[in-house]
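So the chains spell out like this:
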Amino acid sequence: MSSVQDERLPVKQKNFQFSWSWFSIPSLLLFWILAVYFMDAFVFENRVIPQVWEVVAEFWEMVKTPTDAHDTYYTAGGEEPKKYWWTLGSLGAHIWQSFKEVVIGFVGAFIVALFLGFMAGFSKGFREYITPLNGVFMSIPAIAWAPLLILMFEKFTAIVLVVYIAAVSPMIIAIMEGVLTIKGQEVRAARALGAKPKQLFFYVYLPASLPFITAGLRIGFSQAWRALVAAEMVGGIGVGLGHLVAMSDELGSNAAMMLGIVFIGLLSYIFERLVFRRIEKRYEVWRLH
Amino acid sequence: MSSVQDERLPVKQKNFQFSWSWFSIPSLLLFWILAVYFMDAFVFENRVIPQVWEVVAEFWEMVKTPTDAHDTYYTAGGEEPKKYWWTLGSLGAHIWQSFKEVVIGFVGAFIVALFLGFMAGFSKGFREYITPLNGVFMSIPAIAWAPLLILMFEKFTAIVLVVYIAAVSPMIIAIMEGVLTIKGQEVRAARALGAKPKQLFFYVYLPASLPFITAGLRIGFSQAWRALVAAEMVGGIGVGLGHLVAMSDELGSNAAMMLGIVFIGLLSYIFERLVFRRIEKRYEVWRLH
Amino acid sequence: MDSVQHVGGDPLVIDNLYFSYGQLTIFENLNITVQPGEFLSIIGPSGCGKTTLLNLLSGFLEPDSGSVLLRGTPLKPEDPHFGYVFQHATLFPWLSTIENVEFGLKMAGELSPSEMREKAMHYLAMVGLKGFEDYLPLKLSGGMQQRVSLARALTLEPRLLLMDEPFGALDAITRDDMNDELLVLWEELGQTVVFITHDIDEAIYLSDRIIVLNRPPHGIYKDFKSEIPRPRSGQETRTCDLFWEYKKDLRNDIEEVAKSAVVA
Amino acid sequence: MDSVQHVGGDPLVIDNLYFSYGQLTIFENLNITVQPGEFLSIIGPSGCGKTTLLNLLSGFLEPDSGSVLLRGTPLKPEDPHFGYVFQHATLFPWLSTIENVEFGLKMAGELSPSEMREKAMHYLAMVGLKGFEDYLPLKLSGGMQQRVSLARALTLEPRLLLMDEPFGALDAITRDDMNDELLVLWEELGQTVVFITHDIDEAIYLSDRIIVLNRPPHGIYKDFKSEIPRPRSGQETRTCDLFWEYKKDLRNDIEEVAKSAVVA
Amino acid sequence: MAADKPQKVIRIGWVYAMANAPVLIADKKGYFKEQGIKVELQSFTSGPRVRQGLMSGKLDLAYIGTPPVYHWYSKGLKSKIIAKVNYGQAAVIVRKDSGITKVSGLRGKKMAGVKIGSGMDVLLRGFVLTEKSKLDPRKDLEIRPMKPGNMGAAVENKVVDGAFVWEPFTSKYLLRGKTKLILDVNKELPQYPWYVIMAMPKALKEKREEIIKVLKAHKKAVAFLNSSPTAGNDIIAKAFHLTEVKDDKGKVHTPAEMLSMARQRLGWQSNLTAKDKEFVQRLMNYSRKLGYIKKDLSANELIDDSLLKAAN
Ligand SMILES: Nc1ncnc2c1ncn2[C@@H]1O[C@H](COP(=O)(O)OP(=O)(O)OP(=O)(O)O)[C@@H](O)[C@H]1O
Ligand SMILES: Nc1ncnc2c1ncn2[C@@H]1O[C@H](COP(=O)(O)OP(=O)(O)OP(=O)(O)O)[C@@H](O)[C@H]1O
Ligand SMILES: [Mg+2]
Ligand SMILES: [Mg+2]
């Protein structure tokens, strides 16, 4: 099957395929370096945003000090300090904590959004009902939810819930829009071929709305990150990248704060490459003409 | 033209048309009331979330006190206190301030997103380039930008910028996805009919991607609101709904804080009804089969 | 092929059917009984309601009143015993040609993957598309897409086959080939076929019975049984006297129908 | 109608054209010269590259080598002097029927709204769709959509008209009507027409010249000029000896082409 | 409450600030353990966050600024102030080259401040501006709320002309060499109380014995801070992630240097004096005038020094 295809189809798959996305991060770094230079030279007397290398130094510092860092030390029942460099020292603990929180909250939100998004796509009544609610929930910032949830639940649970709430609404909207775009004809064809509702969902709605689900995932995931930071800031001193940012902000340690922001961005970039881009590859061929 | 249509088309437009969206807000209120009852009874010793009527009382309080309210009182160069009840007293000032900030930032973001979103939809290279950047920017929370921008710009400008940054990326993604969905055939048809690039844009790409632009607007607008609140909380001008929330939080006035949150939600609901829903109506007919 | 009942079965009954799109009435008191195993063609001018009728038969549309019943119950689109070939080939763009053809079998879930592949390949070859099994639909020509869509409906070997201008996009020769293939299949499996076409020759060549639809909402203009003997084969059938007679009559009928005013 | 040059103009020259989709070669060294004002029909089996050829003519596809030139320059799809009717009606779903027909005029921006409306109504009536001007495309039947798409291309009164099976979805009578309307228009305006069809009768009835395409990548199988006199009219033309002769020949040609193996 | 009952856990929330060092010391040096009580500590970045913990009943005690206690009291959180934690810490700095020598020199200028409604904000608007400098905070200057960590840069970069700031930030910025001190609030109001320990009414009822033990540990920690400044500074520097500071001449200053400088304006004390009560009353009056509280309050309602007496 595949060998036949290789001969006839216009397959231009090289091992080494150029992509403009390679320039994204370097250009961002370049912009950062130049912006700081410019600001140093013309705007501020003292450096407000740390230079890239200062952040790298801070990174090294944190990696070297697996223990006794202000941020992990005073955690109630804090975990034992990590001993290997590849655990990234205290930074590793922050990343791991945030990663856990964000993944659990996000996956939960995704499952619910998949369900509600499809419901809203199918049922006009439910769509009408849920649209204003989505609007309202999306506009209330996580920072307003977080204190409440932290009151009611364990800190970890509360943060996961904040992440969930932040991610679910935009994903519902994106998936709903995707379902609405599916051509009635395709659904009819599948039904006429005997597809039962469940099959219709898995074999037609799901593949056909994959582009929108990916868009929803992208937006939802970044919402999740954003909310995480807010929630970690509110939830008292502890571990997590959001906490690192908040604490560094509080203490005026701009390099550490930037480091936290960079890692928040970096993790979301890694997700982009490893998850969303992969899904996208599956429909790129049939989608673009 | 229209009379002909009315006779033949399946027009079911009554003056009074039922919509499930009527239940959205009431059900939210009901949930709130019950949740507070439940929490009072079983969870917390002290009331944490105020009951609906306490918030209404606080609302009335603020409307009655157009002047000398703690929140507007110490504003540098604050505006003259409003004198009519319909200005909603000090609440009116908060709403108006936030409204200005959000509209300027959001409209700016929309214009840029329209441009970049279409660019990304058209050019594979640009799409590849911008996708990771969008991911990175979307995941960095407004609250991390805000302090920096407040250092660099006038407060009003800084808040508008925060709103802009928060809203632009999700709108770019949504519009890009919309452009990618446009069937090549329609574009070809238009080109064969002599549409020049500009016309192609206005007469094909724009109407065809309207559903996605609306979805983008929705998500972008709520991001704008969220960011506004965060920015106002950090760099409070002294007026604004976000400021109201932050200050009430600081002073421990739960009712005023909830009032702020409710108005944040309410304004976004009003936008939903007056702007997004209107746009949606324009394509609902041809979009759904 | 066990699941297919060769002859037997029950008639498909359209009883006192009313249907309208909003103010635009398409059918008023329509009555048709399709006998099991019958090959029925429906012709009529563009926009007279042929596609609408097929949608009512298959259960995609609901009658305003009256009924479409098979063995006492209305047809559901999901019914595995009927197949539908749409006026526009509606292939799934994310599946390859062969996967499109296999789709129905996969939904039924009765065969192993290799059995499915084999059966699908059989029908794909029948419509002349051997060698294109790994193409994505958007890389096929219009006529090729339509043929894939035909193969897709046929793989299920349905007892009732609803076809909406399935060969409209094909050249004369391919079309004749397809006609012959369809007849062979029909004679083998004995399905009931409701066949929409705008080609008079095709209708006569294939059918037991032909219905000419009038402009809406006037319903049936003519309904007659063909006396052309079976088995039918190529030029022989196409040149027999009865064929020419029917052809002349039908042309006149359609001209008649077309002359009547356009729907208000 | 000032913008239309009645006769005169230059030929459309396809010179030494090569084209392939990846590994799949469609044309090798194709040469065709279309005379100004000529009515050229192209027939050939499904998948032989007719649509591809039209896309190359219109500039939607670029040749791998060789050229398609009109007055020394390649055609661009945006050229206001040519019109394209696609194999699938591709109407704009957000515009009503009449707005779809007006679209090209609006792009040209030379007429006032009322003039545009008038002209669009004229062509909409010509394709038999008066009364449907405020329908959205999705409320039209397949054949009606195709007719709207035809009217849309005609309103621009283009000097070069490329048509890809425009009447494939129409019933015999409507189709004959459309054929006659097209001929009247063509005789009046003297455009160059490249017309793709799978209907031999239609090709003979309409054309000055007919090209039979072979399976890819073998190019032209036959290219001949019709001797049937003009003006042509209905039954008379369709029953003349030359018509029958051409018809038999073409059927044989196509049968021949179809017999040759399917592309590897 | 029988003595043989298992030890009750005391849950303490504290605002993550240098002035609250005693709670940290008591924990690190094991003073709570010495008292035989089980303590759970949770730190917060700001007062409102602590309040959430108090409201939900997840905290018994809090180390917190004075104004939040009565702000919340007026909103229904009827807790008591039971001990003092520190005095001093607030100051106003300007650029050295600005020519400003007094706070009143900031008239018509921009100044970095804190969140409106927060404890420090009461001190800034009520005392520093209105009372001390006769400036109307709503008209005579613009106050830009900022994180203390950013105030130094804001002043040095002329984003603002002055900043209302506290320890250890004041010392850090002064050591950087570009700014100067124009007001030390502790000089104006010697030993004014700032952070205090507040207790929830339920905890006061049910865990009185344990709270007294907490106060004993607290006193010991305060004593340690005052008697062993070097060891104390070391713990503080680590806990608050203080790093070396380079001044404009390139000279490097250690965290220890910074902290000993901070101690000139900030000190620790556990007893509540009559003067302290007076000062609390004064703060309440500022808040009342500022509209932060809607009715008059009396310091006597709020302060309960009986436990402190029991701990002595
Ligand atoms: N985008 C594409 N990519 C790859 N192959 C293609 C593409 N479009 C068409 N083809 C192949 O090119 C060949 C010719 O296609 P084309 O659409 O030109 O045929 P056609 O003559 O118009 O057929 P029909 O009469 O069925 O419309 C077919 O074999 C088809 O599979
Ligand atoms: N969804 C719809 N809403 C409103 N009117 C419709 C809709 N679908 C079809 N119609 C109208 O119903 C009539 C019959 O349409 P139908 O598609 O059944 O025609 P048809 O006989 O299949 O024509 P063709 O041969 O052109 O495909 C047409 O006048 C059409 O405008
Ligand atoms: Mg039809
Ligand atoms: Mg074609």
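Treat the numbers as computed from the prediction; the structure is a model and nothing was measured. (Residues numbered from 1 in each chain as written. Chains lettered and ligands numbered in written order. Predicted model: local features only at pLDDT ≥ 70, side-chain atom pairs only at ≥ 80, totals over all residues. Heavy atoms only, no water.)

A few words now on the overall build of chain E. The secondary structure content of chain E amounts to 15 helices and 14 strands. The C-alpha radius of gyration computed for chain E amounts to 20 Å, which stays within 12% of the reference 20 Å derived for 312 residues, consistent with globular compactness. For chain E, with 312 residues in total, the buried portion stands at 64%. A sequence separation of at least 24 residues applies to 79% of the contacts in chain E between residues at least 6 apart. Per element, the accessible surface of chain E, about 11,400 Å² overall, is 51% carbon and sulfur. (Helix = DSSP H or I, 4+ residues; strand = E, 2+ residues; numbered from the N terminus. Rg over C-alpha atoms; globule rule 2.2 N^0.38 Å. Buried < 20%, exposed > 50% of the residue type's maximum accessible area, 1.4 Å probe, protein only. Contact = heavy atoms within 4.5 Å. Areas by Shrake-Rupley, 256 points an atom, 1.4 Å probe, with all protein chains shown as cover.)

Now for the interface of chain B and chain D. Contacts between the two partners involve 24 residues from chain B and, on the opposite side, 27 residues from chain D. Taking both partners together, chain B and chain D bury about 2,700 Å²; carbon and sulfur atoms supply 64% of that area. Of the charged contacts in the structure, one is a salt bridge between Glu78 of chain D and Arg191 of chain B, with a shortest N-O distance of 2.4 Å. Here chain B is connected to chain D by three residue pairs in polar contact (both at pLDDT 80 or more). Only helix H1 (2–8), helix H9 (184–192), helix H10 (197–208) and helix H13 (254–287) of chain B provide two or more residues apiece to the side of chain B that touches chain D. Residue contributions to the side of chain B that touches chain D peak at seven residues, all from H9 of chain B. Here the residues of the side of chain B that touches chain D are counted per class, giving 15 nonpolar, four polar and five charged. (Buried area = accessible area lost by both parts, 1.4 Å probe. Salt bridge = Lys/Arg side-chain N within 4 Å of Asp/Glu carboxyl O. Polar contact = N/O pair within 3.5 Å; in protein donor to acceptor, adjacent residues only side chain to side chain. Nonpolar A, V, L, I, M, F, W, Y, C, P; charged D, E, K, R; others polar.)

Contacts between the two partners involve 62 residues from chain B and, on the opposite side, 63 residues from chain A. Linking chain B with chain A are zero salt bridges, by the criterion used here. Here chain B and chain A share 13 residue pairs in polar contact (both at pLDDT 80 or more) between them. Breaking the side of chain B that touches chain A down by element, the ones donating at least two residues are helix H2 (24–43), helix H6 (124–139), helix H7 (142–152), helix H8 (155–181), helix H11 (210–235) and H13 of chain B.

This part takes up the site of ligand 1. Near ligand 1, the surroundings consist of 21 residues, among which Ser141 and Gly143 of chain C together with Lys50, Thr51 and Thr52 of chain D are the closest. Lying at an intersection of chains, ligand 1 is approached by residues of chains C and D. One of the side-chain nitrogen or oxygen atoms of Ser141 of chain C is found 2.6 Å away from an oxygen atom of ligand 1. Take Gly143 of chain C: an N or O atom from its main chain is 2.6 Å from an oxygen atom of ligand 1. (Near = heavy atom within 4 Å.)

To continue, consider the coordination of the magnesium ion (ligand 3). Residue and element names in this part refer to chain C. In this structure, Thr51 (OG1) and Gln87 (OE1) serve as the protein donors to the magnesium ion (ligand 3), at separations of 1.9 to 2.2 Å. Linking Thr51 in helix H1 (residues 50–58) with Gln87 in the loop between strand S6 (82–85) and helix H2 (97–108), this pair joins segments that are 36 residues apart in sequence. By relative accessible area, which is 18% here, Gln87 ends up buried. (Donors = N, O, S within 2.8 Å, 3.2 Å for Na, K, Ca; no water.)

Our focus in this paragraph is unusual backbone geometry. Between Arg230 of chain C and the following residue, Pro231 of chain C, the backbone shows a cis peptide bond with an omega angle of -5°. Mapped onto the elements, Pro231 of chain C comes out in the loop between strand S10 (220–225) and helix H7 (234–238). Positive phi, normally seen in glycine, also occurs at Lys158 of chain E, with a value near 65°. Inspection of the secondary structure puts Lys158 of chain E in the loop between helix H6 (148–156) and strand S9 (162–165).

This part takes up the site of ligand 2. In the vicinity of ligand 2, 21 residues are found, and the nearest of them are Thr51 and Thr52 of chain C together with Lys139, Ser141 and Gly143 of chain D. Near ligand 2, the surrounding residues are drawn from chains C and D. In this structure, Gly47 of chain C approaches ligand 2 through a main-chain N or O atom, which is 2.8 Å from an oxygen atom. Here an oxygen atom of ligand 2 sits 3.3 Å away from a polar atom, N or O, in the main chain of Cys48 of chain C. Protein contact buries 92% of the 640 Å² of open area that ligand 2 shows by itself.

By size, the foremost hydrophobic cluster in this structure holds 466 residues, and its most contacted members are Ile12, Leu123, Phe164 and Val185 of chain E. Once residues lying within four places of it in the same chain are set aside, the contact partners of Ile12 of chain E are Val23, Phe32, Val39, Glu40, Leu41, Gln42, Leu59, Leu61, Tyr63 and Val214 of chain E. Core analysis: the second largest hydrophobic core is formed by eight residues, Met138 of chain A together with Met138, Ala215 and Ile219 of chain B among them. (Core = buried A, V, L, I, M, F, W, Y, C linked by side-chain atoms within 4.5 Å.)

With that settled, consider helix H6 (residues 124–139) of chain A. The terminal C-alpha atoms of H6 of chain A lie 23 Å apart, and with 16 residues this matches the ideal 22 Å at 1.5 Å per residue to within 8%. A bend of about 30° at Ile130 of chain A is the largest found in H6 of chain A, and the proline Pro132 of chain A appears one to four places after it. (Expected span 1.5 Å × (residues − 1). Bend = angle between axes of the 7 residues up to and from the residue.)

Before going further, it helps to examine the relation of the copies chain B and chain A. What relates the pair of chain copies is a rotation about an axis plus a shift along that axis. Rotating chain B by 180° and translating it 0.1 Å along the rotation axis places it on chain A, where the RMSD comes to 0.2 Å. What the rotation and shift describe, once combined, is the action of a two-fold rotation axis. A shared interface surface links the copies, since 97% of the contact residues of chain B are contact residues in chain A too. (Least-squares fit on C-alpha atoms with pLDDT ≥ 70 in both.)

The next subject is the pairing of strand S9 (residues 209–213) of chain D. Residue and element names in this part refer to chain D. A large share of S9 lies buried, amounting to five of its five residues. Burial along S9 is two-sided: Arg209, Ile211 and Leu213 and Ile210 and Val212, pointing in opposite directions, are all buried. Here strand S3 (residues 39–43) runs beside S9; their pairing, made up of four bridges, is parallel. The residue bridging Ser41 from the neighbouring strand is Ile210, located in S9. Summarising the sheet, S9 and strand S10 (residues 220–225) pair through five bridges and their orientation is antiparallel. Each bridged residue has a counterpart across the sheet, and for Val212 the counterpart in S10 is Lys222. (Pairing = 2+ DSSP bridges.)

Glancing now at the confidence of the model for chain A. Predicted coordinates in areas of low pLDDT are best not read in detail. Residues and elements named next belong to chain A. Mean pLDDT for chain A: 77, with 79% of residues reaching 70 or above. Low confidence marks residues 1–14, where pLDDT is under 50. Its contacts with residues over four positions away, or in another chain, come to 24 contacts. Predicted confidence for residues 67–85 stays below pLDDT 50, and this span has 31 contacts to residues more than four positions away or in other chains. (pLDDT = per-residue confidence, 0-100.)

Residues and elements named next belong to chain C. In total, this model carries 42 salt bridges over all chains according to the counting rule given. A salt bridge links Asp199 to Arg175; the shortest N-O distance between them is 3.8 Å. In this pair, Asp199 is assigned in the loop between strand S8 (192–196) and helix H6 (200–206) and Arg175 in helix H5 (residues 172–189), connecting sequence segments 24 residues apart. As a salt-bridge pair, Arg230 and Asp208 come within 2.8 Å of each other at their nearest N and O atoms. Taken together, the residues span a long stretch of sequence, with Arg230 in the loop between S10 and H7 and Asp208 in the loop between H6 and strand S9 (209–213) at a distance of 22 residues.

Next up on the list: the sheet that holds strand S5 (residues 73–74) of chain C. Residue and element names in this part refer to chain C. The four strands are arranged S2-S1-S4-S5 in an open sheet whose pairing can be described as antiparallel. Only two strands of the sheet have a single neighbouring strand rather than two, namely strand S2 (24–34) and S5. Strand direction decides the pairing type here: strand S1 (residues 12–21) and strand S4 (residues 65–70), joined by five bridges, are antiparallel. Looking at the pairing, Leu12 lines up with Leu70 of S4.

Right, let's talk about the environment of Arg278 of chain B for a bit. Its location among the elements puts Arg278 of chain B in helix H13. In this structure the C-alpha to C-alpha distance between Arg278 of chain B and Thr214 of chain B, which are 64 residues apart in sequence, comes to 9.9 Å.

Strands in a sheet are paired, the pairing made by backbone hydrogen bonds, and the direction either parallel or antiparallel. Residues and elements named next belong to chain D. The sheet built from four strands is open, its strands ordered S2-S1-S4-S5 with antiparallel pairing. Both edges of this open sheet fall to strand S2 (24–34) and strand S5 (73–74), since each of them pairs with a single strand only. Sitting on the sheet, helix H1 (residues 50–58) is in contact with strand S1 (12–21), S2 and strand S4 (65–70), with an inclination near 125° to S1. (Axes fitted to C-alpha atoms, helices over the stretch in contact; angles between N-to-C directions.)

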